[in-house]
Every structure is written in structure tokens, then in C-alpha cells.
Amino acid sequence: KAKAAVAAAQSSCGTAPETGAVSELLLQASRVSAQAGKYDEIYDALASLPPGGDVTLGDVILPKLMEHLLATGNAAEGRRLRDKFMTTSFFAAMPADNRELRVQAYSDFMAWVAESEEKFVAALALSNQKLASPLLNFVSAKTLRRLADSGGLPPDQAALLSRAAWTRDYARGSSVKAADEARMLELNPDIKAAFEKIKAEFPKLATQRQWLLTVLRNPRFGILVNSPDWTDAIEAKREKFAALDPYDHNDKNWWCPLQIDRHLQHVRTNFDAASSLDRVNGYRSDQVKLLVDLAAYNALVAARDTMLKAHPLLKDANWAELNELAKAASAPKRLSQSAIKWGRASKGSDGAPEALALAQQAVRYGCNWNGGHKAYSKAVQELLQSRFATTGWAKSSPYWFDCLRQEWDKDYNKITTCDVQTWPKQAPLR
């Protein structure tokens, strides 16, 4: 019936009565074939439709097939679907007025079913949010550098990847190869200018402390590619490169330890939105689950996790490195402790007072998820005021800080405890 309706519609230039039934007949026929696992039947029927520009194909049938294949964890068939339909000519035929929005859904699907890093990068190339995939927070520093040099990203996004790779090594206390550092500076001209300025100001200062001051002056040093909590990406532009982000003190001003459960949850949530599994586990799911075969749903969840574990980016994840990032000190703690060590050995003319003051700024505007800051923030303030009290840096930093998380109880009283933020425990994806 679907094929006959398509033929009647095309032979009559759309005047045949069957024209109005084409979309619904094809959708329901495709649903039955998909449930029976007979995907070639679907592809044969869809071959008679015009590419890309046809609403039935591009906005109805293929999106539902993509949801179905993701929800059932059928990555292999997803790749067949991709190779048959998601071609250059398919995307070129889409109407220009809403092409970007339509292509985004296909890009997301292609990224989930990618069988290699190269296929994943090709999917990102189609996206208008190239660094939004939660999978990118799990790749190693080595892979971030490789992706930065892949040639498929705008300069500011390649800069972010290389900067995140450098910061991951720095946060873990690992040395960075000279070639990798030089490349990061090449991709990040603002960082290079800041580093060269510090070298000119303090030429005799040890390289380690030149870098400490550079990191302190530039809150854009972070370990994440994107944030689960914000719709705009980490590379979101600020009025000045070195400006603080006034809203997100945890992901966009320096770094917190990597919360692996948080990011595993982000991967699953993002996947569930693409596969429509979030209709069962998302908003008002308590009501929806009354109508759901939970055994069938649990089977889909297991299939999802099996598919995710096989994804090339998660298989490539360096879990030893990720666990080190999870155990690493937050930026406020790490930078403050380094500044204290420097300040105790300084006579005041080598940049130490500035480092102490900026460390206090990192405490105030940096990670507030990992408990109180008193132990090192008070030590920074006391050292600054006792040894360098006559400097402008001491006068501009009269305070130390402890609990900075903005939380209120049910009666709208501010919670003053300094507990470490946690997320629901997630099953591993490896």
C-alpha cells in the first residue's frame, strides 16, 4: 500500500488521493518491518522517495528509524542506514531554511553509531555544536591533541581541545612534552601572549612558576570539553579571553576533579534523548512507567550500555588517566598550595604576591563542589598579609573563603556546610 501510494502520488504530481496517506503508510510499514528486523524491506520502499528534500523521508521515517536503532542498541544497522541515506547529496537536498537544525539530529546519530574515531570526527563535521558530545570528556589528553590537529574544527575549538589536554597533564602533575606545549601555545595565541609577557616580566623565574602565574591569570585553563549543566559550550566567548565566567565557577573557571559518575550520567542522558528512552526515564517518568513493560525497557537499557561500551571513543578512554583526574586536587587547592610554597620562599619581587592574590581569586571563583577552602585560603591570606602587606596585591585581597556553594534548604535558609558534591553512582562503561 505504501509503495502504491508513492507511485500514485508521483505519477499524478501529488493530485491523487493516496498522496495524503504516503507518510503514514510508509511510517507504519517501516515500523512493522523494523520490529521484524527486516530493514532491507524499509530501504527498498524508501528508495522510491526523493533524497533529503522529501519531508516524509528526512523528517518522519529516518528520524524514527534512528531512534529505533539507538534504542535497541543496533549500531551495525545504524551504520548501514547511515551509509545508504546520509550522503553529501542527501544533506545538500535539504531545504536551506532549516537545514542546520535537521542536519544536527543526523550528526548526533552518526556520532553515536560511529565505528571509528575517523567516522566520529566526520559526524562532528556536520554539527553546528561540534564539541557538544559528552563522549569527548572521556578521551585521553593524547586523543584530544590528535582531534585538535584533525583539521575539521574551527580555530577556537581546536584551541580548546589542546588547552584541555595541557591542563589535564598539569592537573595530574604530569610533565608535558615540549612539542605538545609548543603546539598548545601555537593554537592558543592568547595563552602564548600571556606566557611571553610573564617571561618578560620575570625572566629569572623558574619555568614552573612562570606557568603557575600564567594559569592563575587565565581561568580558561580547564579539563573539560563540554559541561553537562550548560547549553553553551566550554569555548563560549567572553569579552576578554582571561575574564572570569560569572555563572559557572566549576566547569568554566579552571577545574574541579573529574566527577566520573556525573559524566557517565551525561553520556547516558544524552543517548537517551537521542533514542527517546528518556520518555521512560525522564520527566514524569513515574507516570509513564505505569504503562511500560519494565522487563522490555530494562533489556533496552542493557542494549544501550553494550552499544556505548563498544563505542570507539569509550574504548579508547584512558581510565587510569581519568581516575587520576578524579583524584586530582581542585584548581583552588592546587594553585593555592603552589602559591603558598612560592610565597614562603619569596622576597616579594618575583611575582609571588600576585600569585597569592590570584590564588585567592581562584578560590572565590573556582571550583566550589569539593568542600570548604579554609585550610589553604586562610593560609594564603595570612601569608599575603604578613609578608607582603604593603603591596597592592595584599590590599586588594583582605579576605579568605570557605564554603562557597550556593545551596538553600526547603525554608530558603542558606546551607553553610561544605560537603563534597556527589552524583548518582553509575555503572561503568568499559
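The coordinates are above.
Residues numbered from 1 in each chain as written. Predicted model: local features only at pLDDT ≥ 70, side-chain atom pairs only at ≥ 80, totals over all residues. Heavy atoms only, no water.

(A) Here's a closer look at the overall build of the protein. Check the secondary structure of the protein and you find 23 helices and zero strands. Looking at charge distribution, the protein has the averaged site of its 56 positive side-chain charges lying 7 Å from that of its 49 negative ones. (Helix = DSSP H or I, 4+ residues; strand = E, 2+ residues; numbered from the N terminus. Lys, Arg positive; Asp, Glu negative; His and termini not counted. Charge placed at Lys NZ, Arg CZ, Asp CG, Glu CD.)

(B) Representation of the pattern of salt bridges within the structure. On inspection of all chains with the given rule, the structure shows 27 salt bridges. As a salt-bridge pair, E77 and R80 come within 3.0 Å of each other at their nearest N and O atoms. With E77 and R80 both in helix α5 (residues 75-85), this residue pair falls three residues apart, about one helical turn. Relative accessible area serves as the criterion here: at 10%, E77 is assigned to the buried category. Taking relative accessible area as the criterion, R80 reaches 32% and is therefore assigned partly exposed. Close ionic contact of D229 with R262 constitutes a salt bridge, the shortest N to O distance being 2.7 Å. (Salt bridge = Lys/Arg side-chain N within 4 Å of Asp/Glu carboxyl O. Buried < 20%, exposed > 50% of the residue type's maximum accessible area, 1.4 Å probe, protein only.)

(C) Inspection of the nonpolar core at higher detail. Core analysis: the largest hydrophobic core is formed by 113 residues, its most contacted members being L26, L46, L62, L81, F109, W255 and L335. Of the residues forming this core, the biggest block, nine residues, is contributed by helix α10 (residues 155-172). Look past the residues within four positions of L26 in its chain and what remains in contact with it is A2, V6, A45, L46, L49, T56 and I61. In this structure, A71, L277, Y297 and V301 belong to the second largest nonpolar core, which totals five residues. (Core = buried A, V, L, I, M, F, W, Y, C linked by side-chain atoms within 4.5 Å. Contact = heavy atoms within 4.5 Å.)

(D) How the structure looks around helix α22 (residues 374-387). The terminal C-alpha atoms of α22, which comprises 14 residues, lie 19 Å apart, in line with the 20 Å expected from a rise of 1.5 Å per residue. Every buried residue belonging to α22 is among Y376, S377, V380, Q381, L383 and L384, and all of these are buried. Buried residues of α22 fall within an arc of 165° about the axis and therefore sit on the same side. In α22, the exposed residues that point more than 90 degrees away from the buried face are A375 and S386. Each element contacted by the buried residues of α22 is listed here: α20 (331-345), α21 (352-365) and α23 (392-395). (Expected span 1.5 Å × (residues − 1). Arc of directions from axis to C-beta.)

(E) Representation of the state of the cysteines in the model. Enumeration according to the criterion identifies two disulfides in this entry. Between the sulfur atoms of C256 and its disulfide mate C367 the distance is 2.1 Å. Judged by the sign of its S-S torsion, about 110°, the bond between C256 and C367 is right-handed. Here the residue C256 occupies a position in the loop between α13 (207-217) and α14 (260-275), and C367 occupies one in the loop between α21 and α22, the gap between them amounting to 111 residues. Per residue, the accessibility class of C256 equals that of C367, and both read buried. In this model, C403 is linked to C418 through a disulfide, with the two sulfur atoms separated by 1.6 Å. An S-S torsion of about -95° defines the bridge between C403 and C418 as left-handed. (Disulfide = S-S within 2.5 Å.)

(F) Inspection of the packing of aromatic side chains at higher detail. Scanning the model with the defined rule gives 12 aromatic pairs in all. Where F90 meets F91, the ring centres are 5.3 Å apart and the plane angle is 70°; that geometry is what we call edge-to-face. No difference in accessibility class separates F90 from F91, as the two residues are buried. Residues F90 and Y106 carry aromatic rings whose centres are separated by 5.3 Å and whose planes lie at 75° to one another, so their mutual orientation is edge-to-face. One end of the pair, F90, is in helix α6 (residues 88-92); the other, Y106, is in helix α7 (residues 99-113), and 16 residues separate them in sequence. Of the two residues, F90 and Y106, both sit in the buried class. Following the ring pairs from residue to residue traces out a cluster consisting of W166, Y170, F195, W211, F221 and W255. The residue whose ring lies beneath R334 is Y170, and the NZ or CZ to ring-centre distance is 4.4 Å. Across the ring face of Y365, the terminal group of R364 is positioned such that the distance to the ring centre comes to 4.7 Å. (Phe/Tyr/Trp six-rings, centres within 6.5 Å; stacked < 30°, edge-to-face > 60°. Lys NZ or Arg CZ within 6 Å of the ring centre and 35° of its normal.)

(G) The side chain of E77, seen in detail. Polar side-chain contacts of E77 include one of 2.6 Å to the side chain of Y43. Other than its neighbours up to four places away in sequence, E77 contacts Y39, Y43 and L69. (Polar contact = N/O pair within 3.5 Å; in protein donor to acceptor, adjacent residues only side chain to side chain.)

(H) Region of the structure containing helix α2 (residues 22-35). Relative to the 20 Å expected for 14 residues at 1.5 Å per residue, α2 spans 20 Å between its end C-alpha atoms, a close match to the ideal helical length. Of all the residues in α2, the buried ones are V22, L26, S30, S33 and A34. Buried positions in α2, seen along its axis, are confined to an arc of 95° and lie on one side of it. Tucked into the core, α2 has its buried residues touching α1 (2-11), α3 (39-46) and α4 (55-71). Residue G37 follows α2 closely and has a positive phi angle near 75°.

(I) Representation of the environment of S377 in the model. Of note, S377 is situated in helix α22. Note on S377: relative accessible area 0%, which makes it buried. Separated by 47 residues in sequence, S377 and P424 have C-alpha atoms that sit 30 Å apart. For S377, the residues in contact, after removing those within four places along its chain, are Q360, V363, W400 and F401.

(J) Geometry of the environment of L356. Structurally, L356 can be placed in helix α21. Beyond its immediate stretch of four places on either side in the chain, L356 contacts A339, I340, G343, V380, L383, L384 and F388.

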